[in-house]
Protein chains: 2
Amino acid sequence: MTDSLPPLDGLTVLEISSFVAAPLGGMTLAQLGAEVIRIDPVGGGPDLHRWPLSPSGTSLYWAGLNKGKRSVTLNLRDPDGQRLVGDLLAASGPGGGIVLTNAPGRGLLHHASLSERRPDLIHLQIQGQRDGRAAVDYTVNAATGFPLITGPEDVTGPVNHVLPAWDVACGLYAAAGLLAAERRRARTGAGSVITLALADVALAVAGHLGFLADAQLSGTDRPRVGNHLYGGLGRDFLTADGKRVMVVALTPRHFADLAAATGLTATFAELERLLRADFAEDGDRYRHRGVITALLEPWFTERKLAEVERALADTSVLWSPYRGFAELAGDDNPLLQEISQPGVGPLLAPGSALVMDGVPGARPAPVFGADTAGVLTDMLGLSAADVRALAERGIAGGPVRSDE
Amino acid sequence: MTDSLPPLDGLTVLEISSFVAAPLGGMTLAQLGAEVIRIDPVGGGPDLHRWPLSPSGTSLYWAGLNKGKRSVTLNLRDPDGQRLVGDLLAASGPGGGIVLTNAPGRGLLHHASLSERRPDLIHLQIQGQRDGRAAVDYTVNAATGFPLITGPEDVTGPVNHVLPAWDVACGLYAAAGLLAAERRRARTGAGSVITLALADVALAVAGHLGFLADAQLSGTDRPRVGNHLYGGLGRDFLTADGKRVMVVALTPRHFADLAAATGLTATFAELERLLRADFAEDGDRYRHRGVITALLEPWFTERKLAEVERALADTSVLWSPYRGFAELAGDDNPLLQEISQPGVGPLLAPGSALVMDGVPGARPAPVFGADTAGVLTDMLGLSAADVRALAERGIAGGPVRSDE
């Protein structure tokens, strides 16, 4: 790190959000130096207590997705609470005027109303379906085709992913979309109204990766191939000490190195002759994956993980042991830094995976609602008495001390 | 669409890439209006023939990930080919000077050399591990913990995802990172050298979603819960006509609506009393997911999908039938537009999931290498004879007509 300004220095984003996608989008910007103010209903949104929880009951999910933000609570169903959002938007300076949300834009929170307060408004609305119907990662995923080709070959039903991959992609698209819109605004002065549907993210990614074109042209769905890598050579293997490793050969060099390391060079050459195949080709490695991996299997089952590691270490072969989260969390990686998370205590937390000058390290999430008075005072010039009056009327969350 | 300028109008990115992450990052920018020039080795990189293939043998994977780019081929191992990359960088105008790559920066392609050609260089290097070691989505995923908790509860080994979710996230982080760096450069004139490791993306996302904190604090890994939604109520159900649906109740309202639609309101109330539970709480819906879903199951197995659809249509319940890719590809969604993809023919392809003024619709990928002569002529002012001479020396790919 040098003393460069953070890349998003001066950018201010109001985030009215819940769950994964919008919060991750905002946090991606916060981790690059933007000021992100998450605005929640007084009392919390539906994600405030989402599992996993810390032993004391704090949501580790909420804490993880809101690192480095400020937290403000307002009554978002009351016009006075909605008006305060407009006030904050109007007061958010030249790098502000940006709203990221997955909440329905009721009343004064509709982008048309907000753009009256801030004509250069950049408004990004995340929604389930393009037509506004609700959807979440789990239902969108069911509709994408992936669960029907994920999992062991002998399973007949769907296998859901555990990683909410569409939410993650949606949040990152949102971050990129806001930055693209802000670039245009800096050049032309024009704001943007952007919509981003979770279902569209899934459809687009399935298309970009060739799954849709494949189905269109073949009229059928790709088969379920378990842990095999589709269209190449890759699979998991069990080792003598009961560990599992994932091994991948994406290129002819990877395959040659794998054959050499396992002593199978001559065997594979003979097999190529017998099958009239060329294992330097992706397609042939994939078509003959059964026999190739059957030949490789004993080499792994006869060796402990440490031996496998030694044999593959200086080769081009792509491989990794399978690990659990507890082991992953113990990685000695500078991405993980100890933070003191209110309600949780000391925790190793990741900063931005983007390593560049000026990017701040990991920062804790705020105490829920703790910045309400501070933000209203700093940005709108309200007095402590004003804030107390708003809190008494239930328009703003009560003053919260950070040690509560 | 209006006649607004595309959000990334004037941005020019040189992409030296292969496989998913870097190409998706570049394509995300191209779909927002940037000019993205993908530079490959003459003859193609390792992803040029990656499956799935069209009936004629064109890679649908390559075509899907390079839509809307120009394709240039140069000998990237020869200093003269490397020098041409520097020439293109130097000639790429005020919105240029941007390199996105996952290739090792050999010789004159190292960012230090490139920054001599363009002092305000923005260089984003995608790599496997933070220390530069190779890794791909499949090996990174093995190390994250997700495969050990994905899949049916009775499976003991790992279950790999089929969606290369880390590659997707990495590409989208790259797009956001480049835009953040370009924003800073527009304000301060300073370039950026950025690294982004695929393994860091996985570690960061696992952290952001609370998986790492949970494992740190509990010392154990989350259990495998099949298609159940962790920490809430959600699961797949079989219908009378052999279809599968995913059903999710994330909030008390969702659960109340699900209970009402299935005629189980009184049953669940009695069950809450017996179990001393409160199904308005996420945690109690999750703890008692076995009995709750066992009670729901007959309602689904006794009804055909169409009946399920009618019963849930006007409720808040989140649900979706499972579908295959062929069905998904047939969606009547304006995101999918017919393009004419060279080597493939007419194809429905997705544009950007970000819907905003000025964002172009879906565009085909280029013919591999077809823009070599055009780009060298337009950007460097080379004559046709210069380009032919470079092609004869094997420094540039041969002139390719777009009808080849």
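Before any of the text, the structure's been laid out above.
Now for a look at the structure at hand. All of these numbers come straight from a predicted model, not from anything done at the bench.

**Notes on the packing of aromatic side chains**
Here comes step 1: If you walk through the whole model with that rule in mind, you get 26 aromatic pairs over all chains.
Here comes step 2: Ring geometry for tyrosine 230 of chain A against tyrosine 286 of chain A: centres 5.2 Å apart, planes inclined by 65°, an arrangement best described as edge-to-face. Here the residue tyrosine 230 of chain A occupies a position in the loop between α8 (211-218) and β7 (233-238), and tyrosine 286 of chain A occupies one in helix α11 (residues 282-287), the gap between them amounting to 56 residues.
Here comes step 3: Between the aromatic rings of phenylalanine 325 of chain A and phenylalanine 211 of chain B, the centroid separation amounts to 4.9 Å while the plane-to-plane angle is 25°, which identifies the pairing as stacked. Of the two residues, phenylalanine 325 of chain A sits in helix α14 (residues 325-329) while phenylalanine 211 of chain B sits in helix α8 (residues 211-218), which places them in two different chains. The pair phenylalanine 325 of chain A / phenylalanine 211 of chain B is uniform in exposure class, with both members buried.
Here comes step 4: For arginine 50 of chain A, the ring lying beneath its charged end belongs to tyrosine 61 of chain A, and the centroid distance is 5.4 Å.

**Some thoughts on unusual backbone geometry**
Residues and elements named next belong to chain A.
Here comes step 1: At the junction of tryptophan 51 and proline 52, the peptide bond is cis and its omega measures out at 0° in the coordinates.
Here comes step 2: Inspection of the secondary structure puts proline 52 in the loop between β2 (35-41) and α2 (60-65).
Here comes step 3: Despite not being glycine, phenylalanine 19 has its phi angle at roughly 60°, a positive value.
Here comes step 4: Mapped onto the fold, phenylalanine 19 is located in the loop between β1 (12-16) and α1 (21-30).

**Considering the environment of alanine 206 of chain A**
Here comes step 1: Relative to the elements of secondary structure, alanine 206 of chain A occurs in helix α7 (residues 198-208).
Here comes step 2: By relative accessible area, alanine 206 of chain A is classed as buried at 0%.
Here comes step 3: Distance in space between the C-alpha atoms of alanine 206 of chain A and threonine 144 of chain A is 7.5 Å, their sequence separation being 62 residues.
Here comes step 4: Not counting chain neighbours up to four residues away, the residues in contact with alanine 206 of chain A comprise Phe146, Phe211 and Leu212 of chain A together with Phe325 and Leu328 of chain B.

**What to know about the interface of chain A and chain B**
Here comes step 1: In this complex, chain A contributes 136 residues to the contact, which on the side of chain B involves 136 residues.
Here comes step 2: Where chain A packs against chain B, one counts four salt bridges.
Here comes step 3: The partner of glutamate 182 of chain B in a salt bridge is arginine 187 of chain A, and the shortest N-O contact between them spans 3.3 Å.
Here comes step 4: For the pair chain A and chain B, the interface holds 46 residue pairs in polar contact (both at pLDDT 80 or more).
Here comes step 5: The element contributing the most residues to the side of chain A that touches chain B is helix α6 (residues 165-188) of chain A, with 16 residues.
Here comes step 6: When the residues that make up the side of chain A that touches chain B are grouped by side-chain class, the tally is 85 nonpolar, 33 polar and 18 charged.
Here comes step 7: In the sheet, strand β12 (residues 354-355) of chain A pairs with strand β6 (residues 192-197) of chain B via two bridges, with the strands oriented antiparallel.

What counts and how
Residues numbered from 1 in each chain as written. Chains lettered and ligands numbered in written order. Predicted model: local features only at pLDDT ≥ 70, side-chain atom pairs only at ≥ 80, totals over all residues. Heavy atoms only, no water. Phe/Tyr/Trp six-rings, centres within 6.5 Å; stacked < 30°, edge-to-face > 60°. Helix = DSSP H or I, 4+ residues; strand = E, 2+ residues; numbered from the N terminus. Buried < 20%, exposed > 50% of the residue type's maximum accessible area, 1.4 Å probe, protein only. Lys NZ or Arg CZ within 6 Å of the ring centre and 35° of its normal. Contact = heavy atoms within 4.5 Å. Salt bridge = Lys/Arg side-chain N within 4 Å of Asp/Glu carboxyl O. Polar contact = N/O pair within 3.5 Å; in protein donor to acceptor, adjacent residues only side chain to side chain. Nonpolar A, V, L, I, M, F, W, Y, C, P; charged D, E, K, R; others polar. Pairing = 2+ DSSP bridges.

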